[in-house]
Amino acid sequence: MNQEEVEIPQSGNGESETQAEVVHHEGKKVLKPNVSKRLILSIAAVLLIGGAAGLWYWNEVSGVFNIQVTVNSNKGSEAKMDPAVSITPEPISITNEPAKPVLKPAYIQVNQVDSSKYENGEVDVYFSLFSDNEFSNSLDSASLTKDMFKVNGLPVSYVSQVNQIDTVSVDLVLDKSGSMMEPPNGFMNQSKMELVRNAAIQFLENVPHDAKGKFGLLTFSSFAPEVADIAFNSDRQHIASYLSTLESDNGRTALYDSLTKALYDTNLQMGPKYIIAFTDGIDSEDSDYGSSAQSVIDLSKQLGIPIYTIGFGDAFTDLQSISEETGGSYFSIHEEDNLQLELQTIYESVFQKYVKQYKLTYRPEQKVSPGEEFPISLQMDSPVYTAQTSTLEFTRKIEATSIEAMNGLFEYQVNYANAVNNLDFSLVSNNVSRDSDFYNNLKNRIEKDYVSLNNQGKPKIIDPLENYRTESIVKLADGSYKIEFFKLFPLELNQERVYEADLNTYTLEKDSYTGKWQVNSFGRSECSIYTNKSDPGSSCKNVNGTTKLYSQDPWARVY
């Protein structure tokens, strides 16, 4: 096919509008027009605008690129296309991953830490989740998994809701002292004792049938009982029946001794556990002979058992301190409140928190000895919520036999005071090793020396403790334990009320027949007499073979 140019008529301005070429097709000359420059530019502009619109749409949909379109034109005549499209990536990468959702804040409240299996590489943490930092709106979810949690930045080995796997053990501790015989205010005819027992009964009857709970009952007045009223069991009807006959015995208030007894009892239960104690606390004298507020706090931390306290009437600084430092809560019921309804509500809310809480297990990395503190920082990231605690400190639980020996010394202290004040050695005889010299010495002291003083009108009276704490406990080579402890107590000396501070050492051994830990020796290494808190102290004048003054502050940690 040959080609030749031909002339085309010009427009009025003398410019040819179109050039064409002649092509030979099937022996004929055929005129084929060329596309004008203007047409080419129009088509280019359409393509440019369409491409820019397409890139803009892609940018809006994907959010991956930032697209800039630049069109340059010469002033004189035709538009020329300089680099028309420049693409600036933000960033220069393409991903199909969806944007991460914004997680809602949640708040973790650690209720209890069980470190009894620390040596075996397991620590159980019981906790609740809330949507607010006041811990009032709980979050309940059965879809939490172990992959959502970390402790101290490390994965956990297990997570579950408590009501699916564990039984909650609750020790109810009730005041039945003399003041409980009175009505709560001038508008009520019922006594506080009647209202309190009704609240406890109603609480037990309202526990859901599918809730896994065991309950113990310990009532107290002048002395903590050697045996709880009702040992832990799941027969709520039996406990309610016992409570229906409970009356005040007109005694005093041995609150700290009773909390100590409750701690040792509750410690024998497995899984989640807590103590909840009610007292009106308005008796003229406390009657604690084997413990103090601080010793209760120390023991609670050593055992990992939280204590919830309920005070009726005026504020109780010691109750608040006990609850806050042991992981529990303090509740105050005022005289104008409905005592029965308020108490029942408190019982139910605390129990529900423990039933609905979660349990996780992790492997601790830090090596700590029994009685030493270890840190826990708990983090959660679920598909909806995120939460993080501060670094919390907990005490590694001491070994089981050490706990038993400490319990043996506590029982001795309480029963010794009871024996001396009643001039009856039999009240403490089961707490002393019969094969020891100490047994006969103590028997003679109570039955002879103290009886003689009483006949002279100078009775030996042991007053309740002002302060008490265990300083150390050491296991000896023969399996016995040496316990050093401090106590501060008031006494009458030369018709003046003074205070005696002692640092005593006892050794205890386990009776092979009864299984009880009994005292077999006693010594006193330091002793001071104080007239008041500002007194530096004076010698006890060679009491039990020592003239050394007490070397520490006897008033430290007194509430």
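Residues numbered from 1 in each chain as written. Predicted model: local features only at pLDDT ≥ 70, side-chain atom pairs only at ≥ 80, totals over all residues. Heavy atoms only, no water.

### Points about the side chain of Asp114
Going by this rule: In this description a helix means any DSSP run of H or I spanning at least four residues, a strand means any run of E spanning at least two, and both kinds are numbered starting from the N terminus. Whenever a nitrogen or oxygen atom comes within 3.5 Å of another N or O atom, the pair is scored as a polar contact, on the condition that within protein one atom can donate a hydrogen and the other can accept it, and that pairs from neighbouring residues in sequence are kept only if both atoms are in side chains. Should any heavy atoms of two residues lie within 4.5 Å, those residues are considered in contact.
Relative to the helices and strands, Asp114 is located in strand β7 (residues 107-114). A distance of 2.8 Å separates a polar atom in the side chain of Asp114 from a polar atom in the side chain of Ser116. When sequence neighbours within four positions are dropped, the list of residues in contact with Asp114 reads Val123, Asp124 and Tyr126.

### So, the confidence of the model for the protein
Quick note on the threshold: Confidence scores here are pLDDT values: one per residue, from the predictor, ranging 0 to 100.
Scored by pLDDT, the protein comes out at a mean of 84, with 80% of its residues at no less than 70. This stretch, residues 1-33, has a pLDDT under 50; its non-local contacts, to residues over four places away or in other chains, come to 43 contacts.

### Some details on the state of the cysteines
As a reminder of what qualifies: Here, the term disulfide refers to a pair of cysteine sulfur atoms separated by no more than 2.5 Å.
One pass over the full model with this rule turns up one disulfide. Two residues share a disulfide in this structure: Cys527 and Cys540, whose sulfurs sit 1.9 Å from each other. Around the S-S axis, the bridge from Cys527 to Cys540 shows a dihedral of about -80° and counts as left-handed. Separated by 13 residues along the polypeptide, Cys527 in strand β26 (residues 517-530) and Cys540 in the segment after β27 (538-539) bring together distant segments of the chain.

### With respect to the sheet that holds strand β14 (residues 230-233)
Keep this limit in mind: Here a strand pair is declared whenever DSSP counts at least two bridges between the two strands. Angles run from 0 to 180 degrees between N-to-C directions of axes, and those axes are lines fitted to C-alpha atoms, restricted for helices to the stretch in contact.
Taken together, the six strands give an open sheet; going across it, the order is β14-β13-β12-β15-β16-β17, and neighbouring strands pair in mixed fashion. Strand pairing shows two members of the sheet lacking a second neighbour, β14 and β17 (330-333), which therefore form its edges. If you compare each strand with its neighbour and ignore which way they point, the axes differ by 15° on average. Pairing analysis gives six bridges linking strand β12 (residues 168-175) to strand β15 (residues 273-279), with the strands arranged parallel. The partner of Val170 across the bridge, within β15, is Tyr274. Across the sheet, helix α3 (residues 192-206) touches β12, β13 (213-220), β15 and β16 (307-312), and the angle it forms with β12 is around 170°.

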